[in-house]
There are 2 protein chains.
Amino acid sequence: MELPVNLMFVAEGEEELGSAHLIDFVRDRVGKLSRADACLAPGASQNINGEVSMSLGCKGVVEFELVCSGEKWGRGPTERAIHSSYAAIVESPVWRLIHALASMTDPADPTRVLVEGFYDNVAPPTPEDLELVDKLAQRLDEEALRKVLGVKHFYRDLHGRDLLLKALYTTTLNIQGIYGGYTGPLVKTVLPEKASAKLESRLIANQTTKETVEKIRRHLDRHGYTDIQILEYEGQNAADDWSRTSPKAGIVQATIQAYRDFGFDPLVWPYSLGSSPQYMFTKEPLKLPFISAGIGHGARAHAPDEYYVIEGNERVRGLADAEKFYVWLLSKYSNTNLK
Amino acid sequence: MELPVNLMFVAEGEEELGSAHLIDFVRDRVGKLSRADACLAPGASQNINGEVSMSLGCKGVVEFELVCSGEKWGRGPTERAIHSSYAAIVESPVWRLIHALASMTDPADPTRVLVEGFYDNVAPPTPEDLELVDKLAQRLDEEALRKVLGVKHFYRDLHGRDLLLKALYTTTLNIQGIYGGYTGPLVKTVLPEKASAKLESRLIANQTTKETVEKIRRHLDRHGYTDIQILEYEGQNAADDWSRTSPKAGIVQATIQAYRDFGFDPLVWPYSLGSSPQYMFTKEPLKLPFISAGIGHGARAHAPDEYYVIEGNERVRGLADAEKFYVWLLSKYSNTNLK
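Residues numbered from 1 in each chain as written. Chains lettered and ligands numbered in written order. Predicted model: local features only at pLDDT ≥ 70, side-chain atom pairs only at ≥ 80, totals over all residues. Heavy atoms only, no water.

Per an unreviewed UniProt entry, chain A is named Peptidase M20 dimerisation domain-containing protein, and its organism is Candidatus Marsarchaeota G2 archaeon OSP_D.

## What to know about the overall build of chain A
Of regular secondary structure, chain A possesses 11 helices and 17 strands. Along the first, second and third principal axes, the C-alpha atoms of chain A reach 80 × 45 × 40 Å. Out of the 339 residues in chain A, the part that is buried amounts to 52%. Pairs at least 24 apart in sequence give 79% of the contacts found in chain A among residues at least 6 apart. (Helix = DSSP H or I, 4+ residues; strand = E, 2+ residues; numbered from the N terminus. Buried < 20%, exposed > 50% of the residue type's maximum accessible area, 1.4 Å probe, protein only. Contact = heavy atoms within 4.5 Å.)

## A closer look at the UniProt feature "domain: Peptidase M20 dimerisation" (unreviewed entry) in chain A
In this structure's numbering, the residues bearing the UniProt feature "domain: Peptidase M20 dimerisation" (unreviewed entry) are residues 79–225 of chain A. Structurally, residues 79–225 of chain A is divided into 37% helix and 20% strand, and its ends, taken at the C-alpha atoms, are 19 Å apart. (UniProt positions renumbered as here; feature names shortened; annotations may be inferred.)

## Description of the packing of aromatic side chains
This structure, assessed with the given rule, holds 12 aromatic pairs over all chains. With 5.1 Å between their ring centres and 25° between their planes, Tyr259 of chain A and Phe325 of chain A make a pair best called stacked. Here Phe325 of chain A lies in helix α11 (residues 319–335) and Tyr259 of chain A lies in helix α9 (residues 250–261), a separation of 66 residues in the sequence. Judged on exposure class, the residue Tyr259 of chain A and its partner Phe325 of chain A are both buried. Between Phe325 of chain A and Tyr326 of chain A, the aromatic rings sit 5.7 Å apart at their centres with planes inclined by 70°, giving edge-to-face as the arrangement. Residue class for Phe325 of chain A comes out buried when judged on its relative accessible area of 0%. The rings of Tyr259, Phe262, Phe325 and Tyr326 of chain A are connected pair by pair, giving a single aromatic cluster. Looking at Arg244 of chain A, its charged tip hangs above the ring of Tyr271 of chain A, at a distance of 3.5 Å from the centre. Residue placement shows Lys283 of chain B over the ring face of Trp242 of chain B; its charged tip is 3.1 Å from the ring centre. (Phe/Tyr/Trp six-rings, centres within 6.5 Å; stacked < 30°, edge-to-face > 60°. Lys NZ or Arg CZ within 6 Å of the ring centre and 35° of its normal.)

## A word on the relation of the copies chain A and chain B
Superposition of chain A onto chain B requires a rotation of 180° combined with a translation of 0.0 Å along the rotation axis, giving an RMSD of 0.0 Å. The transformation just described matches what one would write down for a two-fold rotation axis. Considering only C-alpha atoms, the part of chain A nearest the rotation axis is Tyr179 of chain A, at 2.1 Å. (Least-squares fit on C-alpha atoms with pLDDT ≥ 70 in both.)

## Describing the interface of chain A and chain B
Contact with chain A, which involves 80 residues of that partner, is made by 80 residues of chain B. Here chain A packs against chain B, burying approximately 6500 Å² in sum over the two surfaces, 64% of which is carbon and sulfur. At the junction of chain A and chain B, the tally comes to 2 salt bridges. Remark: the boundary between chain A and chain B carries 26 residue pairs in polar contact (both at pLDDT 80 or more). The greatest single-element share of the side of chain A that touches chain B, amounting to 8 residues, is contributed by strand β8 (residues 174–181) of chain A. When the residues that make up the side of chain A that touches chain B are grouped by side-chain class, the tally is 40 nonpolar, 23 polar and 17 charged. (Buried area = accessible area lost by both parts, 1.4 Å probe. Salt bridge = Lys/Arg side-chain N within 4 Å of Asp/Glu carboxyl O. Polar contact = N/O pair within 3.5 Å; in protein donor to acceptor, adjacent residues only side chain to side chain. Nonpolar A, V, L, I, M, F, W, Y, C, P; charged D, E, K, R; others polar.)

## Looking at the pattern of salt bridges
Residue and element names in this part refer to chain B. Under the defined criterion, the tally for this structure stands at 50 salt bridges over all chains. Among the salt bridges present, the one from Arg96 reaches Asp227, with a minimum N-O distance of 2.6 Å. In this pair, Arg96 sits in helix α4 (residues 93–102) while Asp227 sits in the loop between α8 (209–222) and β11 (229–232), placing the two residues 131 residues apart along the sequence. Taking the relative accessible area as the measure of exposure, Asp227 reaches 11% and is therefore buried. Linking Asp221 and Arg217 is a salt bridge whose minimum nitrogen-to-oxygen distance equals 3.0 Å.

## Quick notes on the environment of Thr212 of chain B
All names here are of chain B. Locating Thr212 in the fold gives a position in helix α8. Residue classification places Thr212 among the buried residues on the basis of a relative accessible area of 2%. A C-alpha to C-alpha distance of 30 Å links Thr212 and Ser53, two positions 159 residues apart in sequence. Discounting chain neighbours no more than four positions away, the residues touching Thr212 are Val62, Phe118, Ser201, Leu203 and Gln207.

## Re the environment of Arg218 of chain B
All names here are of chain B. Tracing the sequence through the fold places Arg218 in helix α8. By relative accessible area, Arg218 is classed as partly exposed at 40%. For the pair Arg218 and Val115, spaced 103 residues apart in the sequence, the C-alpha separation amounts to 8.7 Å.

## Focus: unusual backbone geometry
Comment: phi is negative for the bulk of residues other than glycine, and the bulk of peptide bonds are trans. Residues and elements named next belong to chain B. Looking along the chain, the bond that leaves Ala205 and enters Asn206 is cis, with omega of 5°. In this fold, Asn206 is placed in the loop between β10 (194–203) and α8. In the Ramachandran plot, Leu186 falls in the positive-phi region, its phi being about 50° despite a non-glycine side chain. Mapped onto the secondary structure, Leu186 falls in the loop between β8 (174–181) and β9 (190–191).

## Observations concerning the side chain of Ser196 of chain A
Residues and elements named next belong to chain A. Turning to its location among the elements, Ser196 is positioned in strand β10 (residues 194–203). Among the polar contacts listed, one links the side chain of Ser196 to the side chain of Glu65, at a separation of 3.5 Å. Sequence-distant contacts of Ser196, defined by excluding residues within four places in its chain, comprise Glu65, Leu66, Val67, Leu97, Gly177, Ile178 and Tyr179.

And the structure:
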């Protein structure tokens, strides 16, 4: 029997290390890959209740670290922490970092970023997006999400459509971690020479990772924090562009049809809140539609106890059904003139 | 031969553990200790150039930790760090702590504390103090101090008398350390559930440790941070009262005379910038004058390689000379009717 479509496989085995070389792989095979019509990343999309979902893209992300050190500043302790009895006459890089950070967000609502132009280029939702959001809002199990996350209240207790719009169409400035000075048990009378904060921003179409870092740099400079360093981690998966695939793309329609044929009504996200290197396929030069979908259940991605269900039960399908689904999906895609 | 004074020894072997039980020792022996006229803490006061010094007291200190957690707040992640893709709709205890801290000091000069009433009760220098400060200003080797500390600039490049007045008569709000979320190498896309800052304030006469913590609490509450916890570490040397001994006290005058008899012109500090449990002897109920003095050289206090010079050389005296000095000092004290 002949396959109704041609298949090219991209097997990426470096995800847990940040997919540092995927961009090289794609760049070196542009000729071959550009002959494709669409990308399908098989995934176990069923949640614990058996519901299936699909995301037509993802947010971008840019991660960086802000470091305030006496060494760069030229004030405060420059070499090592000193005895804190000198705090009356020696300035503190930790306080400096705190005020630099505090200047970047609204004290009354730190999800509101005050960095000049931070929200420029954030594309508003398209009519297509809004349609998907409306549908999602009717089915989103907020209570289950809060429970899984261990979160009692979402931002301003938003829910439904408002919650989804905030989640999907707001860029973020999140602090992943902060550290400096003595962090062991109890207390220690030192005045530290340095403090750091690990930050990240999730990017919406049409933002770029570059512009975000540049705006942070400009903000720091304008507030007099020219000495505060921005450490970037290039080639370490600390930056991914956003990705979008139109709901009208053939592979999307074929996937929805295949889901329905298997008895599912999929939750269709305009894009996921997380980030991945999809953009390598969806942007220049390949510009392919990209969909991640599949039945079956797995979870705890990236964790040491990540799992995938092989046998299935009354709620989630096993590996055999997942395989059948992909066959069906490929057949749909070839039959329905959706390319 | 009979001693010209009576001696009582208090041997404190718990300093490195925070002298947690010294207060009990003193309390249980008030009757006996109150028969004393003065306290002498023998110390190796010679610096590396051979200069001797003495401090007529010390600053107080109060140390505490501010903790902002989603658990107490009721917002943000409450149990563990969550994936930072949710930062658009889940609030951040780290940002909250940063803004709470930032509200406490002046962004343009974080040595200026904005907590209401923070400088209340700070006694201005007495005329006696100012005399000592003027003398110190003439001899203080600022360049050497900067070098030892690894500090290129003191606060606002003050020097001489202004530097000393700032050092001695300003209470501080120092951050010993700050931590929260992911603090390992590179970056990690998490939204942390908690962040902490270890703080400390050095106290001037007539401040109390209690009032300082109360003011911080009131400040947090007034700014809406009622959920932010203040952890105190009682019985862990996280709080010491300040101590003062008058330059006119007999033991002070005897010490200065003894120093001079040995060929030294001492640097007399109205009090040291650091803190110690002297107040247990100088305040109610004992109210004894307390002086720490002695020739000889040692350094790296509290460090594993703390040392004391036994033999001496052309710059610093050895143990035998130090012993002779104490004998001479006791004899001075008994002879000169200084009690």
